[in-house]
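# Examining the three-dimensional arrangement
Single-letter residue listing:
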Amino acid sequence: MRHAVVDANCNVVNVVELANGAEWTPPAGCMIRASESAIIGGRFDGVAFFPPPEAAQPPRRRLVPRSLIIDRLAEAGKLAMARAALDAADLHTRERWNTRSAIFADDAAALALLQAIGADPDMILAPG
């Protein structure tokens, strides 16, 4: 059975699997509570377990408008190189660029293309 190890501040500091009837002593200052839902970093309010804040909401990916990317490539003198690299890319990559109004700042294909042409991805894909 799954158990949460909860410290004196009600934080879930560990999760352990114990066989039914097994004896286990938690670290000093901690208590153990049966739970199938507890997550390390979560909280226990005495009745229920709550996930850690970062587990409750996945991080939001940042979008960069294509028009801003184009302007920044032009300012950096890399627009023609980017166009040539994009034209040489596979059909899927080209169509992704052609059909989207914005690109995720962490998009692996975009990062690779920018690095391949010597552009600074942090500058080109910076928040607008």
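Structure's up top.
Residues numbered from 1 in each chain as written. Predicted model: local features only at pLDDT ≥ 70, side-chain atom pairs only at ≥ 80, totals over all residues. Heavy atoms only, no water.

This part takes up the overall build of the protein chain. Scanning the protein chain for helices and strands turns up six helices and seven strands. A globule of 128 residues ought to have a C-alpha radius of gyration of about 14 Å, yet the protein chain, at 24 Å, is considerably larger. With the C-alpha coordinates aligned to their principal axes, the bounding extent of the protein chain is approximately 70 × 25 × 25 Å. Looking at the protein chain residue by residue over its 128 residues, the buried ones come to 31%. Considering only contacts in the protein chain between residues 6 or more positions apart, those separated by 24 or more positions represent 56%. Carbon and sulfur atoms provide 56% of the accessible area of the protein chain, an area that totals close to 8300 Å². Averaging the locations of the 13 positively and 15 negatively charged side chains of the protein chain gives two centres separated by 6 Å. (Helix = DSSP H or I, 4+ residues; strand = E, 2+ residues; numbered from the N terminus. Rg over C-alpha atoms; globule rule 2.2 N^0.38 Å. Buried < 20%, exposed > 50% of the residue type's maximum accessible area, 1.4 Å probe, protein only. Contact = heavy atoms within 4.5 Å. Areas by Shrake-Rupley, 256 points an atom, 1.4 Å probe, with all protein chains shown as cover. Lys, Arg positive; Asp, Glu negative; His and termini not counted. Charge placed at Lys NZ, Arg CZ, Asp CG, Glu CD.)

Before going further, it helps to spend a moment on unusual backbone geometry. Positive phi is not limited to glycine here, since Cys10 has a value of about 70°. Secondary-structure assignment places Cys10 in the loop between strand S1 (2–6) and strand S2 (12–17).

On to the pattern of salt bridges. With the rule as written, the count across this model stands at three salt bridges. Salt-bridge contacts for Asp87 lead to Arg83; the nearest nitrogen and oxygen are separated by 3.0 Å. On the criterion of helical spacing, the pair formed by Asp87 and Arg83 is a turn pair, its members being four residues apart in helix H3 (residues 79–88). Judged by relative accessible area, which is 47%, Asp87 ranks as partly exposed. Residue Arg83 is classed as partly exposed on the basis of its relative accessible area, which comes to 39%. A salt bridge links Arg96 to Asp107, with the nearest nitrogen and oxygen atoms 2.2 Å apart. With Arg96 in helix H4 (residues 91–99) and Asp107 in the loop between strand S7 (102–104) and helix H5 (108–116), this pair connects stretches of sequence that are 11 residues apart. (Salt bridge = Lys/Arg side-chain N within 4 Å of Asp/Glu carboxyl O.)

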